[in-house]
Amino acid sequence: MRIGVVGGGLAGLSAARRALELGADVEVLESAGTVGGLASSIRAGGLTFDLGPHTLYPGDPAVVQDVETLLGTTLRRVSPTRGIWRSGRLYRFPFHLGNFVHVSGVRAAARPVLSYFAARALGTLRPSLTATDLEEWAVRRFGRPLYEFYVLHHVSKNVGVPPSELPALWGRQRIAIPDVGTALRQLSGRAVPSRTSYYPQGGIGRIVAALAVAVRHRGGSVRTGTTMVSWGRTGDEVELRVQTDGRCVVRTLDTVINTGPVDTFLRCADEGTVPSSVHRAAGRLRYRATVFVYLSTDDAAAGLPCDLCYFPQGEVFTRVYSPTGYTGAGAPGSSAGFCLEIHCDPGDGLWNLPDADLGRLTVRDAAALPFFGAAARLRVERVLRIRRHYPLSAPVSPDLTTVDDYMDGASPSVVSAGRLGSHRYVNMDSAMRMGTLAAEVAYGLRAPLDIRRVADDPVFVEDGRRRS
Ligand SMILES: Cc1cc2nc3c(=O)[nH]c(=O)nc-3n(C[C@H](O)[C@H](O)[C@H](O)COP(=O)(O)OP(=O)(O)OC[C@H]3O[C@@H](n4cnc5c(N)ncnc54)[C@H](O)[C@@H]3O)c2cc1C
């Protein structure tokens, strides 16, 4: 079987590796100059940065074991510390009851804490109540004051949509709220185990690099600087046209596995291949964008108080991490580096600002905080934009259902998987799992629905446990 894989990120390379195991001839086509996609590392200012504070969560033990086999002892267990900066104070993130009381003071914490216990008691009395949106879901578990403190501003700034407009599934998969037993242990100061994840020495990009080596080792080909520009069907075959070295080349394949944005993939189909209703639905799928501003400084006084910190209030950036923390990437001399994420929508005011202005705004807001040292010593090393990385349309939305239905019908000659390929919020372990399943769909061993199930189960992404 001849399989072409669009995209050399985790999903694409995992698909390629599994397809090779199943006996296919495989070619991976990646438009960027390097493989990696969202799980890439970059060098700037003598430091290794990732696209955001990536660690591999233990949600899918089989994937973790696989990555351990790929990377050996260079894959380390880490427990990044996280905080949220609110009104000049640093709180632990996710919510920790003991820390909340300690930082807020007993008087200020009394009402939110009582509301929390009242909400949990009510939830126990009425377990059958199901929440339809994220606000309802979080208020039922947190009480309103803590929901407003930890969720409302954080989510609205991060995602650009208020929690009342996001599905409850969003919370089940992403927000850690302690049960009463855990909260009481936190309050009494007894230790609660920190969450472990995994990080490869040298940057998160090492995982993708190791996958690319494994693909080539099995006889697959991985071509960077090669963009899929259009595709169409001729009988049982799929014709894929790609742009490489300024030339357009045609590949005739049995199956195309797409891992780039599914709406772009559908837009690239030959006329008459995709019904106009599907085109319209795909065109309405929404994404959040991020601008990454990488800063460095030689000010020895600079340093984050935790490995990554959220800024849900006035700052232009929403999240900052420092690669000198859990990454173990020692900074040369007394220098330090910071990756600041500005979340915005493609085409909005922030997105349209020139790089120099984004750098200036970032330095201005960073300099007003006690973590970045003197403003005059902060250097903007790189500004990087990702137009589409955060799929916003809910899995149950009519537009995504229309796209899913079309893709089901197109399988197994056309299969789409991964974070953007399925238009679903998934992390690295799930993207890899989806890629593996996509190869099995191509061979008729699975249904496309199995790929989507990886994302649509209400499991918490950081530990893979099912959440009600
Ligand atoms: C800021 C940030 C922080 C994150 N933190 C974590 C974390 O801590 N833990 C975790 O597990 N996950 C994290 N994630 C999620 C994780 O990065 C993704 O789930 C995963 O990398 C997605 O892999 P993918 O292969 O599905 O998609 P991608 O990585 O997007 O790969 C798709 C590839 O397709 C290529 N492509 C697109 N169109 C074409 C075309 N026409 N022709 C050829 N190639 C094309 C793209 O260049 C890209 O390389 C984070 C993501 C972000 C953005």
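Residues numbered from 1 in each chain as written. Predicted model: local features only at pLDDT ≥ 70, side-chain atom pairs only at ≥ 80, totals over all residues. Heavy atoms only, no water.

Asks: So what about the overall build of the protein? Which residues, and what values?
Replies: Helix and strand counts for the protein come out as 16 helices and 19 strands. Dimensions along the principal axes, computed over C-alpha positions, put the protein at roughly 70 × 55 × 45 Å. Classification of the 468 residues of the protein by burial places 56% in the buried group. As displayed, the protein offers around 19,400 Å² of accessible surface, 51% of which is attributable to carbon and sulfur atoms. Charge centroids of the protein, computed over 54 positive and 44 negative side chains, lie 6 Å from each other. (Helix = DSSP H or I, 4+ residues; strand = E, 2+ residues; numbered from the N terminus. Buried < 20%, exposed > 50% of the residue type's maximum accessible area, 1.4 Å probe, protein only. Areas by Shrake-Rupley, 256 points an atom, 1.4 Å probe, with all protein chains shown as cover. Lys, Arg positive; Asp, Glu negative; His and termini not counted. Charge placed at Lys NZ, Arg CZ, Asp CG, Glu CD.)

Asks: If you had to explain the packing of helix H11 (residues 276–283) against helix H14 (residues 398–410) to someone new, which residues and values would you point to?
Replies: At a minimum axis separation of 8 Å, H11 and H14 run at an interaxial angle of 130 degrees. Of the possible angle classes, the one that applies to H11 and H14 is oblique. Along this stretch, H11 crosses H14, giving a crossing that reads as left-handed. Taken together, the residues of H14 that come into contact with H11 (itself represented by Ser277, Val278, Ala281 and Ala282) are Asp399, Thr402, Val403 and Tyr406. Taken together, the residues that form the contact of H11 with H14 break down as 5 nonpolar, 2 polar and 1 charged. (Axes fitted to C-alpha atoms, helices over the stretch in contact; angles between N-to-C directions. Parallel < 35°, antiparallel > 145°, perpendicular 65-115°, else oblique. Left-handed = near helix turned anticlockwise from the far one by under 90°. Contact = heavy atoms within 4.5 Å. Nonpolar A, V, L, I, M, F, W, Y, C, P; charged D, E, K, R; others polar.)

Asks: Any details on helix H1 (residues 10–21)? Residues and values, ideally.
Replies: Over its 12 residues, H1 extends 17 Å from the first C-alpha to the last, a length consistent with the 16 Å expected when each residue adds 1.5 Å. With 10 of its 12 residues buried, H1 lies for the most part within the structure. What H1 keeps buried is the set Leu10, Ala11, Gly12, Leu13, Ser14, Ala15, Ala16, Arg17, Ala19 and Leu20. Of the residues trailing H1, Gly23 is marked for its positive phi of about 105 degrees. (Expected span 1.5 Å × (residues − 1).)

Asks: Could you give an account of the sheet that holds strand S19 (residues 414–416), naming the residues involved and the relevant values?
Replies: If you walk across this open sheet you meet the 5 strands as S9-S2-S1-S13-S19, and the pairing is parallel. Both edges of this open sheet fall to strand S9 (221–223) and S19, since each of them pairs with a single strand only. Neighbour-to-neighbour, the strand axes of the sheet open up by a mean angle of 15 degrees, direction not taken into account. Alignment of strand S1 (residues 2–6) against strand S2 (residues 25–29), held across 5 bridges, turns out to be parallel. From the neighbouring strand, Arg2 faces S2, where its bridge partner is Asp25. On the sheet, helix H15 (residues 428–442) packs against S1, strand S13 (255–258) and S19 and is oriented at approximately 160 degrees with respect to S13. (Pairing = 2+ DSSP bridges.)

Asks: I'd like a description of the domain arrangement of the protein, backed by residues and values.
Replies: Taken domain by domain, the protein comprises domain 1 (2–38 + 204–285 + 393–456), domain 2 (41–81 + 286–392) and domain 3 (91–187). Taken together, the contact between domain 1 and domain 3 spans 5 residues of the former and 4 residues of the latter. Across the domain 1/domain 3 interface, buried area totals approximately 370 Å², and carbon plus sulfur atoms make up 62% of it. Taken together, domain 1 and domain 3 are joined by 0 salt bridges. Linking domain 1 with domain 3 are 1 residue pair in polar contact (both at pLDDT 80 or more). (Domains from an automatic or database assignment. Buried area = accessible area lost by both parts, 1.4 Å probe. Salt bridge = Lys/Arg side-chain N within 4 Å of Asp/Glu carboxyl O. Polar contact = N/O pair within 3.5 Å; in protein donor to acceptor, adjacent residues only side chain to side chain.)

Asks: Break down the nonpolar core for me, citing the residues and quoting the values.
Replies: Counting residues in hydrophobic clusters, the biggest one holds 95 residues, and the most contacted among them are Leu10, Val26, Phe100, Phe142 and Tyr150. Counting 27 residues, the second-largest nonpolar core is a separate cluster that includes Val316, Leu340, Cys344 and Val363. (Core = buried A, V, L, I, M, F, W, Y, C linked by side-chain atoms within 4.5 Å.)

Asks: So what's going on with the site of the ligand? Which residues, and what values?
Replies: Taken together, the neighbourhood of the ligand is formed by 35 residues, with Glu30, His54, Thr55, Val426 and Asn427 sitting nearest. In this structure, Gly37 approaches the ligand through a main-chain N or O atom, which is 3.5 Å from an oxygen atom. Within the backbone of Pro53, a nitrogen or oxygen atom sits 3.3 Å from an oxygen atom of the ligand. The protein chains hide 91% of the 1,000 Å² of surface that the ligand would expose on its own. Of the residues that constitute the shell around the ligand, the class distribution is 16 nonpolar, 15 polar and 4 charged. Split by domain, the residues of the shell around the ligand number at least three in each of domain 1 (2–38 + 204–285 + 393–456) and domain 2 (41–81 + 286–392). (Near = heavy atom within 4 Å.)

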